[in-house]
Amino acid sequence: QIQLVQSGPELKKPGESLKISCKASGYTFTDYAMQWVKQAPGKGLQYMGWINTQTGKPTYADDFKERFVFSLETSASTAYLQINNLKNEDTATYFCARGRWLGGDFDYWGQGVMVTVSS
Amino acid sequence: DIVLTQSPALAVSLGQRATISCKTNQNVDYYGNSYMHWYQQKPGQQPKLLIYLASNLASGIPARFSGRGSGTDFTLTIDPVEADDTATYYCQQSRNLWTFGGGTKLELK
């Protein structure tokens, strides 16, 4: 069955970096895009951007063009989100989601990774 | 950027119809498709795709859920509402990059 399994929760200090993983299984990794979504505590969904799993090219939404890096390890069917120079406002749950090329919807989601940034 | 506007909350009675609206500030239609999708999110869970391209039911979603609309006005209907439907519902456009609406929290009266 199709699954996106993300890494575990993180507790970090401001200024540190982290890297979240999203391992896909049950489908051909390069047949779909990988999307990233942020959800701050008690807030709605915020679109972060996507990475083309065929070319490795990332595209970032305006609020995520600095400090955020999407990458792939295609041989392991795994996508990564790296956040550098963490800030308190990065405290959130981060989801990966499989993006369909044709319609652009996100048909499968990871379980989310809770990231807490606190001194 | 395409902005999506949803009402924050809606309260309905069990067995009744719930209609959740989503309005965009730009047309999201393109070559015969409306690039609007709907998701359900329950507390502590990841979002789940309900409807794609405005009116297509996602796999495994009961027929109580339906979507309609075009251009800048879209609705998600749940009929009849069941207790398990209490959740937050988000619309999303994919016409120009991607954005989400603010979400509508569905509660029971």
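For the structure itself, consult the block above.
Just so it is clear, the structure is predicted and the values come from calculations on it, not from any experiment. (Residues numbered from 1 in each chain as written. Chains lettered and ligands numbered in written order. Predicted model: local features only at pLDDT ≥ 70, side-chain atom pairs only at ≥ 80, totals over all residues. Heavy atoms only, no water.)

### Comments concerning the pairing of strand β11 (residues 87–93) of chain B
Residue and element names in this part refer to chain B. Operational definition: The rule is simple: take the accessible area with a 1.4 Å probe, protein chains only, and divide by the maximum for that residue type; under 20% is buried, over 50% is exposed, in between is partly exposed. Going along the chain from the N terminus, every DSSP run of H or I of four or more residues is numbered as a helix, and every run of E of two or more is numbered as a strand. Any two strands with at least two DSSP-identified bridges between them are counted as paired.
Along β11, 7 of the 7 residues are buried, which leaves the element largely enclosed by surrounding structure. What you see with β11 is no split at all: A87, Y89, C91 and Q93 on one side and T88, Y90 and Q92 on the other are buried throughout. Where strand β6 (residues 36–41) lies against β11, 6 bridges are found, and the strand directions are antiparallel. By the bridge assignment for β11, Y39 is matched with Y90. In this sheet, strand β13 (residues 104–108) lies alongside β11 in antiparallel orientation, the contact comprising 3 bridges. When the sheet's bridge partners are listed, Y89 is paired in β13 with T104.

### A few points about the interface of chain A and chain B
Heads up, the condition is: Here, two residues are considered to be in contact whenever any of their heavy atoms come within 4.5 Å of each other. Two parts lose some accessible area (1.4 Å probe) when they are put together, and adding that loss for both gives the buried area. Whenever Lys or Arg places a side-chain nitrogen within 4 Å of a carboxyl oxygen from Asp or Glu, that contact is recorded as a salt bridge.
Each partner contributes residues to the interface: chain A has 22 residues there, and chain B has 18 residues. Of the roughly 1500 Å² buried where chain A meets chain B, counting both sides, 62% is carbon and sulfur surface. Together, L45, Y47 and W109 of chain A form the three largest contributors to the area buried by chain A at its contact with chain B, with a combined 34%. Between the two partners, chain A and chain B, sit 0 salt bridges.

### Things to note about the environment of P41 of chain A
Residues and elements named next belong to chain A. Turning to its location among the elements, P41 is positioned in the loop between β4 (33–39) and β5 (46–51). A sequence separation of 52 residues divides P41 from T93, and the C-alpha atoms of the two residues are 7.5 Å apart. Discounting residues that sit within four places of it in the chain, P41 has contacts with T91 and A92.

### Here we look at the sheet that holds strand β3 (residues 18–25) of chain A
Residue and element names in this part refer to chain A. The criterion, for reference: To define axes, lines are fitted to C-alpha atoms, for helices over the stretch in contact only, and angles between the resulting N-to-C directions are given on a 0 to 180 degree scale.
Pairing is antiparallel in the open sheet, where 4 strands are placed in the order β1-β3-β8-β7. If you trace the sheet from one side to the other, it starts and ends with β1 (3–6) and β7 (68–73), each paired once. Going from strand to strand, the sheet's axes swing by 20° on average, the running direction of each strand aside. Note: β3 against strand β8 (residues 78–83), 6 bridges, orientation antiparallel. Bridged to K23 within β8 is T78.

### Describing the pairing of β5 of chain A
Residues and elements named next belong to chain A. Judged by how many residues are buried, β5 sits mostly within the fold: 5 of 6 residues are covered. Of the strand pairs in this sheet, β4 and β5 are connected by 5 bridges, and their pairing is antiparallel. Considered in β5, the bridge of M34 is made with I51. Counted along the chain from β4 to the antiparallel partner β5, the turn is 6 residues long, and its residue G42 has a positive phi close to 70°. Pairing of β5 with strand β6 (residues 58–60), which is carried by 3 bridges, proceeds in the antiparallel orientation.

### Details of the state of the cysteines
All names here are of chain B. Quick reminder of the rule: When the sulfur atoms of two cysteines come within 2.5 Å, that pair is taken as a disulfide.
This structure, assessed with the given rule, holds 2 disulfides over all chains. The disulfide bridge from C22 ends at C91, spanning 2.1 Å between sulfur atoms. When the S-S torsion is 75°, as for the bridge of C22 with C91, the disulfide is right-handed. Separated by 69 residues along the polypeptide, C22 in strand β3 (residues 18–24) and C91 in strand β11 bring together distant segments of the chain.

### What to know about unusual backbone geometry
Residue and element names in this part refer to chain B. In this model, D79 is joined to P80 through a cis peptide bond whose omega is 0°. For P80, the position within the fold is in the loop between β10 (73–78) and β11. The phi dihedral of Y31 is positive, around 50°, even though this residue is not glycine. Following the sequence through the fold, Y31 ends up in the loop between β4 (29–30) and β5 (33–34). Positioned with a positive phi, L97 is a non-glycine residue whose angle comes to about 50°.

### Let's talk about the nonpolar core
Residue and element names in this part refer to chain A. Note the threshold: Among buried residues, the Ala, Val, Leu, Ile, Met, Phe, Trp, Tyr and Cys ones that are joined through side-chain atoms within 4.5 Å form a nonpolar core.
Of all hydrophobic cores here, the largest spans 63 residues; its most connected members are M34 and W36. Broken down by element, the residue count for this core peaks at 5 residues, all from strand β9 (residues 92–99). Residues contacting W36, with those up to four places away along its chain left out, are Q6, I20, C22, Y47, M48, G49, F70, A79, Y80, L81, F95 and C96.

### Points about the pattern of salt bridges
Residues and elements named next belong to chain B. This model, assessed by the stated rule, comprises 10 salt bridges over all chains. With a shortest N-O distance of 2.7 Å, K42 and D84 are connected by a salt bridge. Linking K42 in the loop between β6 and β7 (48–52) with D84 in the loop between β10 and β11, this pair joins segments that are 42 residues apart in sequence. With a relative accessible area of 18%, K42 lands in the buried category. With a closest N to O distance of 2.6 Å, R64 and D85 form a salt bridge. Of this pair, R64 sits in the loop between β8 (56–57) and β9 (65–70) while D85 sits in the loop between β10 and β11, and the two are 21 residues apart along the sequence. Exposure remark for R64: the relative accessible area of 15% places this residue in the buried category.

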